[in-house]
Amino acid sequence: MLIQHPADIRPSEITPAEVYRGRREFIRAAGGLALAAGLGARVGEVAAAKLTGSRPGPFGTREEMTPWKDVTGYNNFYEFGSDKEDPARHAGSLRPRPWTVRVEGLVRRPGDYDIDTLLGLAPLEDRIYRMRCVEGWSMVIPWVGYPLDALIRRVEPLGSARYLEFTTLNDRAQMPGLRYPLLDWPYTEGLRLDEARHPLTLLAVGLYGETLPNQNGAPVRIVVPWKYGFKSAKSIVSIRFVEKQPLSAWMKAAPREYGFYSNVNPEVDHARWSQAKERRIGEFFKRKTLMYNGYGEQVARMYSNLDLRRYF
Ligand code: MTE
């Protein structure tokens, strides 16, 4: 079992930007930032800007962080294509501002939240999380965000609200992949209310101390580190509180392969492959996948009454 402890150092203090980006990339990006004002941002790379004032958050892992180039160059974001390089290549057309997230459904205070209002709702924290994709690879990513629960508390869920449904932007002009029926667009995902309120679950607005690059789900996404990566919906425009378990885009596409819970579980195979091991991006040998991605101490009790083979 990996040791969890509060991260007391900011990722940007551990690793200077020129190191995590690679010095040459950093110089390119810094120049690009100046250019971006006049010429429009270049793909992904220069869309990022420093996020100030975040503080170390709990649950950090001290495992080596995955380099910036992999975190932002090896992505799943089907709205921009299904190859790992597609999001970095094509997500330049996403306009992360202005941006509004609609909070609706079974809440006392529904409303449209402008991204700047969202950013100011709670103090930003740095959270270095292990992330495990259902495809069998993993990364360690220093997110910036705050617990989704800060927003949930503000909108006051009704007693009948049991689940949250997240919906991603659905705009063909900004997302070229939407022309292809890879999924039943828009991308939707869901969490049980207690999962959404869990202190590990983040509303993320940045990584490596900068605003989220488009390919990572700018300007705001969900991060749920004990579940397979697809539960972490990107570029969200709506959060709906509902009574019944929502049907996610992946459940609709392949119900035998993708269940609602999707907790990282080395003991339950995917319909077509084992989930016992994973390849950490940047490493050669595979490592054993940990139950709940190593966050069991924090989350296992939420599933104590659940048959994890049935509710996969
Ligand atoms: N969100 C949207 N809107 N569209 C997607 O295709 N892919 C998911 C998830 N969120 C996806 C998404 C999958 S399969 C993974 S593994 C993670 O995003 C990847 O996040 P990352 O590219 O920031 O590592």
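Attention here is on the structure that accompanies the text. (Residues numbered from 1 in each chain as written. Predicted model: local features only at pLDDT ≥ 70, side-chain atom pairs only at ≥ 80, totals over all residues. Heavy atoms only, no water.)

Turning next to the site of the ligand. By nearness alone, 15 residues border the ligand, and N75, Y78, E79, R221 and K234 come closest of all. Measuring from a nitrogen atom of the ligand, one finds a side-chain N or O atom of T168 at 2.9 Å. At 2.9 Å from an oxygen atom of the ligand is found a side-chain nitrogen or oxygen belonging to N216. Taken together, the residues that form the shell around the ligand break down as six nonpolar, six polar and three charged. (Near = heavy atom within 4 Å. Polar contact = N/O pair within 3.5 Å; in protein donor to acceptor, adjacent residues only side chain to side chain. Nonpolar A, V, L, I, M, F, W, Y, C, P; charged D, E, K, R; others polar.)

Take the sheet that holds strand β2 (residues 100-105) next. Sheet architecture is open: five strands sit in the order β3-β2-β11-β6-β7, paired in mixed fashion. Looking along the sheet, the strands with just one partner apiece sit at the ends: β3 (111-114) and β7 (188-192). Each adjacent strand pair in this sheet contributes to an overall mean axis angle of 20°, direction not counted. Direction of pairing for strand β6 (residues 163-168) relative to β7: antiparallel, over a ladder of five bridges. Bridging from a neighbouring strand, L164 pairs with L191 of β7. Across the sheet, helix α7 (residues 148-155) lies against β2, β3, β6 and β11 (236-242), angled at about 60° from β11, the strand it touches most. (Pairing = 2+ DSSP bridges. Helix = DSSP H or I, 4+ residues; strand = E, 2+ residues; numbered from the N terminus. Axes fitted to C-alpha atoms, helices over the stretch in contact; angles between N-to-C directions. Contact = heavy atoms within 4.5 Å.)

What follows concerns the packing of aromatic side chains. Scanning the model with the defined rule gives 14 aromatic pairs in all. Summarising the aromatic geometry, the rings of Y163 and F260 are spaced 5.6 Å apart at their centres and angled 85° between planes, so their arrangement reads as edge-to-face. With Y163 in strand β6 and F260 in the loop between α9 (249-253) and β12 (277-280), the pair connects residues that are 97 residues apart, well separated along the chain. With respect to burial, Y163 and F260 carry one shared label: buried. These aromatic residues form a ring-pair network of at least three members: Y163, F260, Y261, Y292, Y303 and Y311. (Phe/Tyr/Trp six-rings, centres within 6.5 Å; stacked < 30°, edge-to-face > 60°. Buried < 20%, exposed > 50% of the residue type's maximum accessible area, 1.4 Å probe, protein only.)

Here we take up unusual backbone geometry. The peptide bond linking R97 to P98 adopts the cis configuration, its omega dihedral lying at -10°. In this fold, P98 is placed in the loop between α5 (86-90) and β2. One non-glycine residue, F59, lies in the positive phi region at around 70°. Among the structural elements, F59 can be located in the loop between β1 (55-56) and α4 (68-71). A positive phi angle is found at S235, which is not glycine, with a value near 45°. Counting through the fold element by element, S235 comes out in the loop between β10 (221-223) and β11.

Attention now moves to the environment of R192. Considering the arrangement of structural elements, one finds R192 in strand β7. R192 sits 27 residues away from E165 along the chain, and the two C-alpha atoms are 9.0 Å apart. Within the structure, R192 has its side chain in polar contact with the side chain of Y261 (distance 3.2 Å). A polar atom in the side chain of R192 sits 2.8 Å from the backbone oxygen of M302.

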